Amino acid sequence: MQQDKEIGIVKVATVEDSAVVSDRLRSLLSELDGVHYIGNAASIDEAMELIRVHEPDIVILDIHLRSDQQRLNGMSLIPVIKAGWPDTLVIMFTNFSDHQYRLRCMELGADYFFDKSEEPEQMMNVIRQAHLQPAAATTAGQRKGITTADHSYRSVVSQQAAMLNAVPGSAALLDSRGVIVAANDAWAGFAAQYHLPVGDFAVGQDYLARIAVEFGQAGSGVIAGIRQVLAGTSTGYTTEYDCTLSDGHRRFMLSVTPASVMGEPGAMVLRTDITEQQGHLLARLTSESNLLAIIESTEDVIFSLDRDLRYITFNTTMARMVRSVYGHEIATGSRVVSVLEDIDPTEAKTWEDYYARAFAGEVVRFVKEYPAEGRTVYYKFIINPIWQQGTVAGVSCFGRDVTQYHEMQKQIQELNESLEQKVMDRTEELQAFSYMVSHDLKSPLRIIGGYASLLAQSYGEQLNEDALSMLRIISSHTVKMNKLIDGLLRFSRYGRQEMHTASTDMDSIVRSVIQDVVMTRDTPPVKVKIGNVKSALCDPDLIRQVWFNLIGNAVKYTSHKSVAEIAVGMVTVGEEDAYYVRDNGTGFDMKYANRLFEVFQRLHSADQFEGSGIGLATVHKIIQRHGGRVWAEAEPGRGATFYFTLGTAPTIG
C-alpha cells in the first residue's frame, strides 16, 4: 500500500472476561498510534451491545467466557460478527492454542488467531497494519460513508483471498516489499503444523523476514530468488526442501511467480507438498508395479523417458492430455516428440532442448499453454534427471494444470483496473469538490462580507450601536468562515500534492520559520533555543509547513506567559530520530491527546486562542505521507512537546 493513502483511526473492542487480561490489552492498545480503544465486554450479551453501538473496526475475542454458561462460547460470536459487520476484523486471542482450535476459528470466519502467552506482539503488529489501511474510519458517520475506492480495496483483498483458497497447496500474495497481502487457509495451517507462530505468517507480515525460520541456512538463496521475482528481473523461482511437520517428515516445492497486487508488482508464493507425487516417484522408479500405483493416484501429468526419448511409463492424466491437445494416442516405447514433429516442428525442437538440458543434469522448469476444448489451458512442468551410477539414464517429468491460477491472475488484474478507475473517479470528484468550495462557497461569503461592510459605511450614522455590533459580528464570522475554507483546501491539497523528496537542510528551514513566526512578535518576549537539527531526506516544501504549524502553535499557546520559552531539537526514540518542538505554554490534558490530529478538533476555546483546528491535522497528514509518525506529550499549565519522525528516510549529517 502506498504511504500517501489517507489513513484513519482504528476502533478496537475487546471481549474478555478476565480483568487482568482486559487491562493488559487496554495498556497495549493505548501505546499504538491511530488506535481508539472502545472498551471491553465480559459476556456475549455485553459484546453484542458494544459492537452494535460502536461498530468497531477490530474485535479481539477470547474463546472461553466464564461469565456465560456455554463452554467455548466466544467462538459462536465469530459468524454473528461477520454476518452483521462483514468489514470488522475478528482476532482470536486465547489460551486455547491447539491447532484444532485455530483451524476451527478460521473456518468460522476469524481473520487471525494468537496465543495469549506467546503472541501478543504479533497481534499488535496486525493492529498496526490495520491502522495503515485506507478503509479505517474515524467516526461511525465516516464508517458509514466510506468511499467507493476504499470499499473496492477491501473487496479486492477479500476476493484475492477467496481465489487463493481455490489453489491447491498453501498460497499467499506478496506486495513489492515482500509483505503478505492475502493468503489462503492452508497457509496458516502450514505454519501451525510447522510449530510456527501463525501470526508471523499472517496478512501484513514481512514474509522475507520469516524465510530463515522455514529454510535455515538455505534462506539467503530463497530470499534472493524471491527478490528477483519482485524486482521483475526473474520470471519465476522454484526450490524444493524437506521439513518436519506435526504429521511427520515431508518434502515441499516452493514456487514464486510474478503477480499483480493492487496494480503494483508483486508475487504469488505457492507451497506444494510433493512428498507423494515426486519424492516417492523418483525413489521407486526401479519398481514398475509401485511406480504405476503412485503415478495413477494423481491428477497431475507424470511420465518418464529413456535416453532415446521413448516413454518408459506415463499415467492416465498424461495420455488424456495428449489426446485432448493433439488428438493422438501414446504408448510405452513410442517417442515423445514424434507427434510434434508432424504437427509443429518448432515446438518439437523446443521440447528436445528441454530434454537435452535435463540429460545434462539440470532440473528444468517452465510453463506451456495449450488450446483445449475451446479455451487455453496452462501447465507447469518440471523435468528431473534420473541418475544411475553417476550418469543420467532417463528423465522424469511432472506437470500440473495451473490454468486456475492464470485465470485468477486475470481476475485480479481486472479488479485492479476497476479499482484504479474508481480511484481516478474519486480524484476527479475531489478536484470538483475543491473547485466548488473555493469558488461556489467563497463567492457568497465575499458578497455577505462586502454588503455588511458597505451597509456599515453607507448607513452607519443611521444605525444604533446594536445594529453596528451585529454587522461587525457578520463581518468577523465571514472572515472566520473564509479562513476555515482556505484551511480545508490546504488540507485536501497536502493529501494529493505530489511529493518531491530531496536532501533537506532542516536547520535552515527551522531558523527561517522562527524568523517569520517568532521574531515578528513584539510581546511577550520569546526565548528560542535551537539544538542539533539534522538534515533529512524529505519533501522540503511539505516539511516547512510542518515546522511552520508546530512552531506557530508553540508561539500561540505561550502568548499568555510573561516570558515564553520555545525549544527545537532532536532526540532518539528507539531506533528512530525524532524532531521536537517544546514550549512552556498552556499545555493540555493527555486524556484528550487522541483528538489533537483530527480536523476541527480543538482542546481550547476560540476565545482563548484563535485557530481553525486544521493545523495539526495537516501536520499529521504530511508526516504520514513521509512514512513517519507524530505525537505529543503535555501537562495542563506546564507546556507541551510535539514530536515527529520521517519513517525510513535517513537523517543526514
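As a convention, each chain's residues are numbered from 1 in the sequence order in which they are written. Per-residue local features of the predicted model are confined to residues with pLDDT of at least 70, and side-chain atom pairs are confined, for both listing and counting, to 80 or more; whole-chain, interface and lining totals are unaffected and use all residues. Side-chain figures throughout are based on the complete set of non-hydrogen atoms in the structure, without hydrogens or water.

1. With respect to the overall build of the chain
Here's step 1: Regarding its fold elements, the chain presents 20 helices and 23 strands.
Here's step 2: Burial here depends on accessible area, computed with a 1.4 Å probe over protein chains only, as a share of the maximum for the residue type. Under 20% is buried, over 50% is exposed, and the range in between is partly exposed. Residue burial in the chain is summarised as follows: out of 653 residues, 47% are buried.
Here's step 3: For the chain, the proportion of contacts with a sequence separation of at least 24, taken over those separated by at least 6, is 59%.
Here's step 4: If you sum the accessible surface of the chain, you get close to 31800 Å²; carbon and sulfur atoms cover 51% of it. Think of it this way: any DSSP run of H or I at least four residues long counts as a helix, any run of E at least two long counts as a strand, and we number them from the N terminus. When checking whether two residues touch, look at their non-hydrogen atoms; a contact exists if any pair is within 4.5 Å. The Shrake-Rupley method, run with a 1.4 Å probe, gives the accessible areas here. Residue values count only the displayed protein chains as cover.

2. Topic: the packing of helix α18 (residues 506-517) against helix α19 (residues 540-556)
Here's step 1: For helices, the fitted axis covers only the stretch in contact; all axes are lines through C-alpha atoms, and the angles between them, taken along N-to-C directions, range from 0 to 180 degrees. Here α18 crosses α19 at 45°, and the two axes come no closer than 9 Å. On the basis of the axis angle, α18 is oblique to α19. Crossing handedness for the pair α18 and α19: right-handed. Each of Met506, Ile509, Val510, Ser512, Val513, Ile514, Asp516 and Val517 in α18 lies in contact with α19, whose residues at this interface are Pro540, Ile543, Arg544, Trp547, Phe548, Ile551, Gly552 and Val555.
Here's step 2: Charged residues are taken to be Asp, Glu, Lys and Arg, nonpolar residues to be Ala, Val, Leu, Ile, Met, Phe, Trp, Tyr, Cys and Pro, and polar residues to be all remaining types, Gly included. Broken down by class, the residue content of the contact of α18 with α19 amounts to 12 nonpolar, 2 polar and 2 charged. Any angle from 65 to 115 degrees is called roughly perpendicular, while one under 35 is roughly parallel, one over 145 is roughly antiparallel, and all others are oblique. For a crossing to be left-handed, the near helix must be turned anticlockwise from the far one by less than a right angle; the clockwise case is right-handed.

3. Let's talk about helix α20 (residues 615-625)
Here's step 1: Of all 11 residues that make up α20, 10 are buried, and the element is covered over most of its length.
Here's step 2: Those residues of α20 that sit buried are Leu616, Ala617, Thr618, Val619, His620, Lys621, Ile622, Ile623, Gln624 and Arg625.
Here's step 3: Trailing α20 by a residue or two, glycine 627 shows a phi angle of about 80°, which is positive.

4. Digging into the side chain of glutamate 347
Here's step 1: Residue position: glutamate 347 is located in helix α15 (residues 345-359).
Here's step 2: Apart from residues lying up to four places away in sequence, glutamate 347 is in contact with Tyr326, Leu340, Lys368 and Tyr370.

5. Thoughts on the sheet that holds strand β19 (residues 564-573)
Here's step 1: What makes two strands pair is DSSP finding at least two bridges between them. In spatial order, the strands read β17-β19-β20-β22-β21; together these 5 strands make up an open sheet with mixed pairing. A strand with exactly one partner marks an edge of an open sheet, and here the two such strands are β17 (526-530) and β21 (630-634). Strand-to-strand, the axes of this sheet are offset by a mean angle of 20°, without reference to chain direction.
Here's step 2: Sheet analysis places β21 next to strand β22 (residues 640-644), joined by 5 bridges and oriented antiparallel. Across the sheet, residue alanine 634 finds its bridge partner in β22, namely alanine 640.

6. Considering the sheet that holds strand β2 (residues 35-41)
Here's step 1: On the basis of which strands lie adjacent, the open sheet formed by 5 strands has the order β2-β1-β3-β4-β5 and parallel pairing. With partners counted over all chains shown, the strands left at the sheet margins are β2 and β5 (112-115), one partner each. Within the sheet, the average angular offset between the axes of one strand and its neighbour, ignoring direction, is 20°.
Here's step 2: Where helix α1 (residues 19-30) meets the sheet, its contacts fall on β1 (10-15), β2, β3 (58-61) and β4 (89-94), and the angle it forms with β2 comes to roughly 170°.
Here's step 3: With respect to the sheet, helix α2 (residues 44-54) is in contact with β1, β2 and β3, its orientation differing from that of β2 by roughly 150°.

7. Things to note about the environment of glutamate 565
Here's step 1: Within the secondary structure layout, glutamate 565 lies in strand β19.
Here's step 2: Among residues more than four places away in sequence, those in contact with glutamate 565 are Lys527, Thr558, Arg582, Asp583 and Asn584.

8. Quick look at the pattern of salt bridges
Should their charged atoms come close, side chains of opposite charge can pair.
Here's step 1: What counts as a salt bridge is simple: a side-chain nitrogen of Lys or Arg found within 4 Å of a carboxyl oxygen of Asp or Glu. Taken as a whole, this structure holds 18 salt bridges when the rule is applied.
Here's step 2: The closest approach of N and O atoms between glutamate 49 and arginine 52, which form a salt bridge, is 2.7 Å. Of this pair, glutamate 49 and arginine 52 both sit in helix α2, separated by 3 residues, roughly a single helical turn.
Here's step 3: Under the relative-accessibility criterion, glutamate 49 is labelled partly exposed at 41%.
Here's step 4: A residue is classified by how much of its surface remains accessible, and arginine 52, at 49% relative accessible area, is partly exposed.
Here's step 5: Between arginine 629 and glutamate 576 there is a salt bridge, and its shortest N-O distance comes to 3.3 Å. Here arginine 629, found in the loop between α20 and β21, pairs with glutamate 576, found in strand β20 (residues 576-583); they are 53 residues apart in sequence, far enough to count as distant.
Here's step 6: For arginine 629, a relative accessible area of 28% translates into the label partly exposed.
Here's step 7: For glutamate 576, a relative accessible area of 26% translates into the label partly exposed.
Here's step 8: What you see here is one network of salt bridges that share partners, running through Glu16, Asp62 and Lys116.

9. Quick look at the environment of isoleucine 9
Here's step 1: Checked against the element boundaries, isoleucine 9 lands in the segment before β1.
Here's step 2: Judged by its relative accessible area of 18%, isoleucine 9 falls in the buried class.
Here's step 3: For isoleucine 9 and aspartate 33, which are 24 residues apart along the polypeptide, the C-alpha to C-alpha distance reads 8.6 Å.

10. Brief notes about the packing of aromatic side chains
Here's step 1: Pairing of aromatic rings covers Phe, Tyr and the six-membered ring of Trp, with a centre-to-centre limit of 6.5 Å; geometry is then stacked below 30 degrees between planes, edge-to-face above 60, and tilted otherwise. Per the counting criterion, the structure on display carries 18 aromatic pairs.
Here's step 2: Aromatic side chains phenylalanine 190 and phenylalanine 252 sit 5.1 Å apart centroid to centroid with 80° between the ring planes, which places their arrangement in the edge-to-face category. Of this pair, phenylalanine 190 sits in helix α8 (residues 185-193) while phenylalanine 252 sits in strand β9 (residues 248-261), placing them 62 residues apart in sequence. With respect to class, phenylalanine 190 is no different from phenylalanine 252; both count as buried.

11. Side note on the environment of threonine 313
Here's step 1: Relative to the assigned elements, threonine 313 resides in strand β12 (residues 311-314).
Here's step 2: Along the chain, threonine 313 and serine 396 lie 83 residues apart, while their C-alpha atoms are 9.3 Å from each other.

12. What about the pairing of strand β10 (residues 264-273)?
Here's step 1: With 7 of its 10 residues buried, β10 lies for the most part within the structure.
Here's step 2: The pairing of strand β6 (residues 170-174) with β10 spans 5 bridges and is classified as antiparallel. Bridge assignment links leucine 173 to a residue of β10, and that residue is methionine 268.

13. Considerations on a nonpolar patch on the surface
Here's step 1: Here the term patch refers to residues with relative accessible area over 30% and no salt bridge, with like charges joined within 9 Å and nonpolar side chains (Val, Leu, Ile, Met, Phe, Trp, Tyr) within 5 Å. A surface patch of nonpolar side chains, about 330 Å² in accessible area, is lined by Ile447, Tyr451 and Leu454.
Here's step 2: Mapped onto the elements, leucine 454 comes out in helix α16 (residues 403-459).
Here's step 3: The class of leucine 454 is partly exposed, set by a relative accessible area of 45%.

14. Description of a negative patch on the surface
Here's step 1: Only four residue types enter the tally: Lys and Arg on the positive side, Asp and Glu on the negative side; His and the chain ends are excluded. By convention, the charge on Lys lies at NZ, on Arg at CZ, on Asp at CG and on Glu at CD. Judged by side-chain charge, Glu264, Glu414, Glu417 and Glu420 come together as a negatively charged surface patch.
Here's step 2: Per-element tally for the negative patch: the top contributor is α16, with 3 residues.
Here's step 3: Structurally, the position occupied by glutamate 417 is in helix α16.

15. Concerning the confidence of the model for the chain
Here's step 1: When pLDDT is averaged along the chain, the result is 77, and 76% of the positions lie at 70 or above.
Here's step 2: Per-element mean pLDDT across the chain ranges from 35 in helix α6 (residues 140-144) up to 93 in β22.
Here's step 3: Within the model, the stretch residues 67-71 combines pLDDT values under 50 with 8 contacts to residues more than four positions away or in other chains.
Here's step 4: With pLDDT under 50 throughout, residues 134-156 is counted as low confidence; its partners more than four residues away or in other chains account for 50 contacts. Within a predicted model, pLDDT stands for the predictor's per-residue confidence, ranging from 0 to 100.

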